[in-house]
Amino acid sequence: MKYPVLEGLSYFMWVSRVRAPPQTCEQHSCMVNMGKTKEHSKAIRDKIVEGHKAGKGYKTLSKELGLPVSTIGSIIRKWKASGTTVNHPRPGQPFKVSSRAEARLAERSRLTQG
């Protein structure tokens, strides 16, 4: 199949220029990647707790920090239960095979079956 040439560009180059650039957000710089989920930095969690102590509501904090209301609520609930905003270690034994290796194994098994 031959792709159309638009203004001297191949189809793939044209599509990559037409697509909107990824949205940038302040919250991406305050997050630490930890496996499947992303954890917010201690500074952000402390800001949420300080705002809560000052009497600000969940929606107000959500708009100020650009985070979902559910995230604000879960951080405040954890703070009320434990009294600290430090991330606790994850329960359970760590995976022996990384998710990337697991995906490669699944792909190999799919290819050998058929």
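Look above for the structure.
A brief structural summary. (Residues numbered from 1 in each chain as written. Predicted model: local features only at pLDDT ≥ 70, side-chain atom pairs only at ≥ 80, totals over all residues. Heavy atoms only, no water.)

Okay, the overall build of the protein chain next. If you tally the helices and strands in the protein chain, you get five helices and two strands. Overall, the protein chain shows an N-to-C arrangement of helices and strands of α-β-β-α-α-α-α. Burial analysis of the protein chain (114 residues in total) assigns 20% to the buried set. Long-range pairs, those at least 24 residues apart, make up 40% of the contacts in the protein chain between residues at least 6 apart in sequence. A total of about 9600 Å² of accessible surface is found on the protein chain, and carbon and sulfur atoms cover 57% of it. (Helix = DSSP H or I, 4+ residues; strand = E, 2+ residues; numbered from the N terminus. Buried < 20%, exposed > 50% of the residue type's maximum accessible area, 1.4 Å probe, protein only. Contact = heavy atoms within 4.5 Å. Areas by Shrake-Rupley, 256 points an atom, 1.4 Å probe, with all protein chains shown as cover.)

A full pass over the atoms with the stated rule returns four salt bridges. Residues Glu64 and Lys56 are paired through a salt bridge, measuring 3.2 Å at the closest nitrogen-oxygen approach. For Glu107, the salt bridge is made with Arg110, and the minimal N-O distance between the two is 2.7 Å. Note that Glu107 and Arg110 are positioned in helix H5 (residues 99-113) at a spacing of three residues, about one turn of the helix. (Salt bridge = Lys/Arg side-chain N within 4 Å of Asp/Glu carboxyl O.)

Mapped onto the elements, Ile75 comes out in helix H4 (residues 69-82). Separated by ten residues in the primary sequence, Ile75 and Thr85 place their C-alpha atoms 7.6 Å from one another. Those residues in contact with Ile75 that lie beyond four places of it in its chain are His40, Arg45 and Ile48.

In terms of nonpolar packing, the biggest core is built from eight residues, these being Ile44, Ile48, Leu61, Leu65, Leu67, Ile72, Ile75 and Ile76. Ranked by the residues each element gives to this core, the list is headed by H4, at three residues. (Core = buried A, V, L, I, M, F, W, Y, C linked by side-chain atoms within 4.5 Å.)

Looking now at the environment of Thr85. Residue placement: Thr85 occurs in the loop between H4 and H5. If we ignore the near neighbours within four places in the chain, the residues touching Thr85 are Lys42, Arg45, Asp46, Val49 and Trp79. In this structure the side chain of Thr85 is engaged in a polar contact, spanning 2.7 Å, whose partner is the side chain of Asp46. (Polar contact = N/O pair within 3.5 Å; in protein donor to acceptor, adjacent residues only side chain to side chain.)

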